[in-house]
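# Secondary and tertiary structure notes
The lines below spell out each chain.
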Amino acid sequence: MQMIQQTADLSAYLAADEVIDHHEAVVRETAARLARGAADSYAYAREAFEFVRDVIPHSQDSGDPRVTWRASDVLVQGTGICYAKAHALAALLRAEDIPTALCYQKFEVVHGLVAVRFNGAWHRQDPRGNKPGVDAQFSLDGERLAFAPDPASNEMDYPVLYAAPHPAVLDALEAAPDRPYLWQHLPTAL
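Residues numbered from 1 in each chain as written. Predicted model: local features only at pLDDT ≥ 70, side-chain atom pairs only at ≥ 80, totals over all residues. Heavy atoms only, no water.

## Examining the layout of surface pockets
A probe as big as a water molecule, rolled over the atoms, marks out the empty space that is left. Considered as a void within the structure, the largest pocket measures approximately 290 Å³ in volume. Lining the largest pocket are 17 residues; nearest its centre among them are Val109, Val110, His111, Phe147 and Trp183. Taken together, the residues that form the lining of the largest pocket break down as nine nonpolar, three polar and five charged. (1 Å grid on protein atoms, 1.4 Å probe; cavity = no way out; pocket = protein on both sides within 12 Å on 5 of 7 lines; lining within 4 Å. Points joined across faces, edges and corners; volume = space filled by probe spheres on them. Nonpolar A, V, L, I, M, F, W, Y, C, P; charged D, E, K, R; others polar.)

Have a look at this one:
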């Protein structure tokens, strides 16, 4: 799949905002702790990915009713759905100057991922969290995502690499008082 940057300005994929709030202390402290054990930026990216994938439970899998959407809230509350976990990973990577985009797949609902830029190319990663039947891995040598779309079922990969969350995703997260409500109002397309 040919990925398309939403903007040609690579600095947009390093920026902090209200959602990818890598200027917040909890994000900076978490990034610094993860970076201490990493030999280089590749190792750090893997550490950050595995931290978000394995340490922050996917709220649907864990039964947590809380809805998080800011990266800092995901880290403080220790929960989030795919979009929120992608926001947290993007913030941790951007905190260490690794260009990171948000990207999406369409199944019955829209699924959130990130793409990291190394060696002049974008590499999609899925920090959703593993469970039986789901084995997402950090990889720069071919995608190891949680799910593969089935075009015959009208599923697809969206090619756009966003610098900020898609408005449909952010609107759904911000409007949800809890995860059961959110589950009924997830975006079905972008």
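## Side note on helix H1 (residues 25-36)
The terminal C-alpha atoms of H1 lie 16 Å apart, and with 12 residues this matches the ideal 16 Å at 1.5 Å per residue to within 8%. Among the residues of H1, Val27, Thr30, Ala31 and Leu34 are the ones counted as buried. One side of H1 carries all its buried residues, which in axial view fall inside an arc of 100°. For H1, the exposed residues set more than 90 degrees away from the buried face come down to Glu29 and Arg36. Where the residues of H1 are buried, they touch helix H2 (41-55), helix H4 (71-77) and helix H5 (82-95). (Helix = DSSP H or I, 4+ residues; strand = E, 2+ residues; numbered from the N terminus. Expected span 1.5 Å × (residues − 1). Buried < 20%, exposed > 50% of the residue type's maximum accessible area, 1.4 Å probe, protein only. Arc of directions from axis to C-beta. Contact = heavy atoms within 4.5 Å.)

## So, H2
Between its first and last C-alpha, H2 extends 20 Å over 15 residues, near the 21 Å set by a 1.5 Å rise per residue. The N-capping residue of H2, defined by a side-chain oxygen 3.2 Å from the backbone nitrogen of tyrosine 42, is aspartate 40. (Polar contact = N/O pair within 3.5 Å; in protein donor to acceptor, adjacent residues only side chain to side chain.)

## Description of the pairing of strand S3 (residues 110-118)
Counting buried residues along S3, eight of its nine residues qualify, which places the element largely inside the surrounding structure. The sheet contact formed by strand S2 (residues 100-106) and S3 spans seven bridges and is antiparallel. Across the sheet, residue alanine 101 finds its bridge partner in S3, namely alanine 115. In sequence, S2 turns back onto S3 through a hairpin of three residues. Sheet topology places S3 next to strand S4 (residues 121-125); five bridges connect them, and they run antiparallel. Of the residues in S4, the one forming a bridge with valine 114 is glutamine 125. Following S3, the chain reverses through two residues before pairing antiparallel with S4; asparagine 119 in that reversal takes a positive phi of roughly 55°. (Pairing = 2+ DSSP bridges.)

## Concerning the packing of aromatic side chains
All told, the structure shown has six aromatic pairs when counted by the stated rule. When the ring of phenylalanine 49 is compared with that of phenylalanine 138, the centres are 5.8 Å apart and the planes differ by 55°; the resulting orientation is tilted. Of this pair, phenylalanine 49 sits in helix H2 while phenylalanine 138 sits in the loop between S4 and strand S5 (156-157); the two residues are 89 residues apart in sequence, bridging distant segments of the chain. Neither residue differs from the other here; phenylalanine 49 and phenylalanine 138 are each classed as buried. Taken together, the aromatic side chains of Tyr83, Tyr104 and Tyr162 make up a single cluster linked through ring pairs. (Phe/Tyr/Trp six-rings, centres within 6.5 Å; stacked < 30°, edge-to-face > 60°.)

## Some points on the nonpolar core
Ranked by internal contacts, the top residues of the largest apolar core, which has 47 residues, are Tyr44, Tyr83 and Leu92. At the level of elements, H1, H2, H4, H5, S2, S3 and helix H6 (167-175) are the ones that each hand at least two residues to this core. Tallying contributions element by element places H5 first for this core, with 11 residues. Those residues in contact with tyrosine 44, other than ones at most four positions away along the chain, are Ala31, Leu34, Ala35, Ala38, Leu92, Leu93, Glu96 and Ile98. In this structure, Tyr13, Ala101, Trp122 and Ala163 belong to the second largest nonpolar core, which totals 11 residues. (Core = buried A, V, L, I, M, F, W, Y, C linked by side-chain atoms within 4.5 Å.)

## Notes on the side chain of aspartate 126
Its location among the elements puts aspartate 126 in the loop between S4 and S5. Although aspartate 126 lies buried, it forms no salt bridge, and the closest oppositely charged side chain, arginine 128, sits 6.1 Å away as judged by the N-O distance. A distance of 3.0 Å separates a polar atom in the side chain of aspartate 126 from the backbone nitrogen of arginine 128. One polar contact links the side chain of aspartate 126 to the main-chain amide nitrogen of alanine 146, over a distance of 3.4 Å. Here aspartate 126 is in contact with Phe49, His111, Gly112, Leu113, Ala136, Leu145, Ala146 and Phe147, once residues within four sequence places are set aside. (Lys, Arg positive; Asp, Glu negative; His and termini not counted. Salt bridge = Lys/Arg side-chain N within 4 Å of Asp/Glu carboxyl O.)

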